[in-house]
Amino acid sequence: MIDYSVAKAIQEETRKKAVFNQDFVSNPKLVAALDVSYKKSKALSAVAVYNLERGEIVEAKATLIDVKAPYVPGYFFLREINPLVAVYGLVENKPDVVMINGHGYSHPRRAGIATYFGVLLSVPTIGVARKLLVGEEQCRNERDDTCIVIDKGEIIGMSVRSHIEKLYVSSGHGVSLETSISIVKSIIERHGGSLYPMKIADLITKRCWANEQGGKH
DNA sequence: GCGACAG
DNA sequence: ATCTTGTCGC
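For the structure given in this document, a descriptive report is provided here. (Residues numbered from 1 in each chain as written. Chains lettered and ligands numbered in written order. Predicted model: local features only at pLDDT ≥ 70, side-chain atom pairs only at ≥ 80, totals over all residues. Heavy atoms only, no water.)

The immediate surroundings of DNA strand B are formed by 18 residues, with Tyr71, Gly74, Phe76, His103 and Arg130 found nearest. Of all atoms in DNA strand B that approach within 4 Å of the protein, 49% are sugar or phosphate atoms. Measuring from a base nitrogen of DNA strand B, one finds a backbone N or O atom of Tyr75 at 3.5 Å. Between His103 and DNA strand B, the recorded distance is 3.0 Å, taken from a backbone N or O atom to a base nitrogen. Looking at side-chain class alone, the surface near DNA strand B contains 8 nonpolar, 6 polar and 4 charged residues. (Near = heavy atom within 4 Å. Polar contact = N/O pair within 3.5 Å; in protein donor to acceptor, adjacent residues only side chain to side chain. Nonpolar A, V, L, I, M, F, W, Y, C, P; charged D, E, K, R; others polar.)

Here is the structure:
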């Protein structure tokens, strides 16, 4: 059995350094979406840089690296931080905000992978997950497509649903929950209910295995 | 003690 | 996340 006390201490330090209630950027124009897929001990990570004004992908990159750490709920960063940092380093058009596939503040210690990535690289991040790790939804009514997520008496994130998918959004670092929701909703409303750049990053990670020859794309 | 548990 | 056939619904 592995001892996660060190990883836990890292997350607690990360939470102290993180900023959840301020926006480092006032008018973001470039938003990057990062995602990772796995095959045996290899991780294929991808990034799609999206122009909010034009509603288009302006850059895409992918890379393949080895991973050793197993996936453990609550300690996702141990497994996925390296693939994420590796592919982010390939980006030429540095984004104003980075969307990470996973939780940010909505985490047992308020420091999910999105928060860890943001503090580590000192970039604004948003956490976007498909399942809750902690907390429970509180919807005002059945019609509302945006609900708050409560844990231990505080709002830790929000759910946003379209007719295509349901996402759990939380602040990562340097992007408030309100701004995070605003960005996510503006994208899905523009692309038929799909978080377009994240979908593209996801497709890249799953379709580049066939013609992978070392990673770069 | 038991169940739940981001990707 | 990944491994995977047939099957249900529009």
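Closest axis-to-axis distance for the helix H1 (residues 5-17)/helix H3 (residues 113-121) pair is 10 Å, and the angle between their directions is 65 degrees. The pairing of H1 with H3 is recorded here as roughly perpendicular in orientation. Two packed elements cross with a definite hand, and for H1 against H3 that hand is left-handed. Seen from H1, the contacting residues are Ile10, Thr14 and Lys17; seen from H3, they are Thr115, Tyr116 and Val119. Across the contact of H1 with H3, the residue classes tally to 3 nonpolar, 2 polar and 1 charged. (Axes fitted to C-alpha atoms, helices over the stretch in contact; angles between N-to-C directions. Helix = DSSP H or I, 4+ residues; strand = E, 2+ residues; numbered from the N terminus. Parallel < 35°, antiparallel > 145°, perpendicular 65-115°, else oblique. Left-handed = near helix turned anticlockwise from the far one by under 90°. Contact = heavy atoms within 4.5 Å.)

Here we come to the pattern of salt bridges. Applying the stated criterion across every chain yields a total of 13 salt bridges. Lys206 serves as the salt-bridge partner of Asp202, at 3.1 Å between the closest nitrogen and oxygen. Taken as a pair, Asp202 and Lys206 lie in helix H5 (residues 196-207) at a separation of 4 residues, close to a single helical turn. Since its relative accessible area comes to 17%, Asp202 is described here as buried. Connected through salt bridges with shared partners, the residues Glu59, Lys61 and Glu92 form a single ionic network. (Salt bridge = Lys/Arg side-chain N within 4 Å of Asp/Glu carboxyl O. Buried < 20%, exposed > 50% of the residue type's maximum accessible area, 1.4 Å probe, protein only.)

Close contacts around DNA strand C come from Ser37, Tyr38 and Lys206, and that covers them all. Atoms of DNA strand C within 4 Å of the protein: sugar and phosphate make up 100%, bases the balance. Backbone polar atom of Tyr38 to a phosphate oxygen of DNA strand C: 3.3 Å apart, as the coordinates give it. At 3.3 Å, a side-chain N or O of Lys206 approaches a phosphate oxygen of DNA strand C.

Attention now moves to the sheet that holds strand S1 (residues 30-39). As summarised here, the arrangement of the 9 strands in space is S3-S2-S1-S4-S5-S9-S8-S7-S6, forming an open sheet in which the pairing is mixed. Of all strands in the sheet, those bounded by a partner on one side alone are strand S3 (56-66) and strand S6 (136-138). With direction set aside, neighbouring strand axes in the sheet form an average angle of 30 degrees. Alignment of strand S8 (residues 154-161) against strand S9 (residues 166-173), held across 4 bridges, turns out to be antiparallel. Paired with Ser159 across the two strands is Tyr168, which belongs to S9. (Pairing = 2+ DSSP bridges.)

Our focus in this paragraph is the state of the cysteines. With the rule as written, the count across this model stands at 1 disulfide. Here Cys139 engages in a disulfide with Cys147; their sulfurs sit 2.1 Å apart. What sets the handedness of the Cys139 and Cys147 disulfide is the S-S torsion sign, and at about 100 degrees it is right-handed. The class of Cys147 is buried, set by a relative accessible area of 3%. (Disulfide = S-S within 2.5 Å.)

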